[in-house]
Amino acid sequence: MKYIIFDMDGVLIDSEPVTMKAASDALTKYGVEHTMDDFKEFIGAGEDKFITCLSERKGKSEVIDAAMKEMYSLIEERAEKELFVYPSSLKLLKELKKRGYTLALASSSAINKLKVSLKAANIPENTFDVILSGSDVTKKKPDPEMYLKAMEKLNAGPSECIVIEDAVNGVKSAVSAGITCFAVTTSFDRETLKAAGASFIKDDIIELLDVLDALDNENNNSAYKAILKRRSIRKFKQTPIPYEKLEKLADCGRLSAFGANMQPLKFGIITDKDMLNKIFPCTKWAAYLENGTPKEDERPAAYIAILGDTSIKSNGNFDCDSGLASSSIMIAAQEMGYGSCMLGALDRDEIHRILSLPENLCVVHLIALGVPKQESRAVTMRDNNVKYYLDKNGVINVPKRNLDEVILKF
Ligand SMILES: Cc1cc2nc3c(=O)[nH]c(=O)nc-3n(C[C@H](O)[C@H](O)[C@H](O)COP(=O)(O)O)c2cc1C
């Protein structure tokens, strides 16, 4: 875990009372009837929703602009005196910086309100390497866009990040972006946060330090865990993978073991939408599953094509080298938070043509990659049956032979 992405309201500061009071005063001034309870469903989705949604609901869309202006000016006026900063916030941010974490802020608030709040809370803006506000996204939380953008700006993979949230909308947004979520119970109760998908739920954000310590311990001995967790994934979220991550994965292939150290492989990184669409019909998926082929919105975000160079190794036998390189790539991808599937059932000639490859390069395998949209786990094999299957929760169960069966003691 290297990157910590904070929501602001309800996590570092509590500007909710100031904001709701300002929204309420602004709505009252412009004759929009409401109760404070009406605000609850919009918490975490940007304070502008308090004004727009409630005005529209009461058929008073014409007052939105004026009420919005009024709300922001009241917030600015009152923030310094009335904004509540959680006692652990400054201590936590300081400690995380000391420990070398990269911090980001991803709040649905308007940028002005965000700056006013940070100033009032005495949190310097440069505490965060990346700051995203409501105007940086087209779709607000619970849509994953905010956290996908944060990852893109941080150049981070989902499993390198943890999101700190308080609101159901925010937890859902983080989880749909494939990021583990730590939630504080400042706005919602444990059951609600758990149902939204939070992995860790605590009453005080300072407890994040214990969670990070535990995760760090877990990551020691991470090679075995990554191998155990790496299962073939065939349904992916439509989340792009930063190019630098794909380069890193290709680098893992480059550093693999090679017979006679010949290194006859090249790694084709394919992310272009058009090319992805052309390649997909050249692949075959999950022979043992009914409906195992990913639907259009479940296809991989990228492929790494493992290419064999016959000008380096003329016998054309690349399977073993490709297997080792693919394994390194898939395990590294697993550690970054990406799912993968090695593909060998391919129309190689057609892929060769689509990629306009020269004569000396042949397609050995493809590695499909993306944020997983399904789960898969290793289970004990019964009756010698090698066929993987879906359990009642839609999780792929991959039978693996018992350790006793495969180890021969000499
Ligand atoms: C050489 C090779 C070729 C493969 N080709 C395909 C393929 O074309 N399509 C597919 O869906 N899975 C393919 N797989 C994935 C296997 O089905 C998968 O590794 C196996 O079922 C075990 O599951 P696991 O990877 O989760 O352990 C391939 C795996 C290997 C090693």
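On a predicted model such as this, the values are computed, not experimentally measured, just so you know.

Engineer: Got a minute to help me understand the overall build of the protein chain in this structure?
Structural biologist: Along the backbone of the protein chain there are 15 helices and 15 strands. Every one of the 410 residues in the protein chain was classed for burial, and the buried ones make up 41%. Intrachain contacts of the protein chain at a sequence separation of at least 6 include 72% that bridge at least 24 residues.

Engineer: Quick question: what am I supposed to make of the domain arrangement of the protein chain here?
Structural biologist: Interface size, as often reported, equals the accessible area lost upon joining of the parts. For the protein chain, the assigned domains read domain 1 (1-220), domain 2 (228-374) and domain 3 (377-406). Relative to domain 3, the C-alpha centre of domain 1 lies at a distance of 42 Å.

Engineer: Even after reading the chapter, I still don't get the pairing of strand β4 (residues 102-106), so can you show me in this structure?
Structural biologist: A regular strand places its side chains so that they alternate between the two faces of the sheet. Sheet topology places strand β1 (residues 3-6) next to β4; 4 bridges connect them, and they run parallel. Counted as the bridge partner of Ile4 is Leu103 from β4. Pairing between β4 and strand β5 (residues 130-132): 3 bridges, direction parallel. Bridging from a neighbouring strand, Leu105 pairs with Ile131 of β5.

Engineer: Just checking my understanding: could you explain the site of the ligand for this structure?
Structural biologist: Around the ligand, 14 residues are found, and the nearest of them are Arg231, Ser232, Leu343, Gly344 and Ala345. Considering every element that reaches the shell around the ligand, the biggest residue donor is strand β11 (residues 339-343), with 3 residues. Residue classes in the shell around the ligand are distributed as 8 nonpolar, 3 polar and 3 charged.

Engineer: I would appreciate a short explanation of helix α7 (residues 168-176) in the present structure.
Structural biologist: The periodicity of an α-helix, 3.6 residues per turn, causes residues three or four positions apart to be oriented the same way. Of all 9 residues in α7, 9 are buried, a share of seventy percent or more. Of the residues making up α7, those classed as buried are Val168, Asn169, Gly170, Val171, Lys172, Ser173, Ala174, Val175 and Ser176. On the buried face of α7, the contacting elements are α6 (145-154), β6 (161-165), β7 (180-184) and α8 (190-196). Just past α7, the residue Gly178 takes up positive phi, approximately 85 degrees.

About the thresholds
- Residues numbered from 1 in each chain as written.
- Predicted model: local features only at pLDDT ≥ 70, side-chain atom pairs only at ≥ 80, totals over all residues.
- Helix = DSSP H or I, 4+ residues; strand = E, 2+ residues; numbered from the N terminus.
- Buried ≥ 20, exposed ≤ 12 C-beta atoms within 10 Å, placed from the backbone.
- Contact = placed C-beta atoms within 7 Å.
- Domains from an automatic or database assignment.
- Pairing = 2+ DSSP bridges.
- Near = placed C-beta within 6 Å.
- Nonpolar A, V, L, I, M, F, W, Y, C, P; charged D, E, K, R; others polar.

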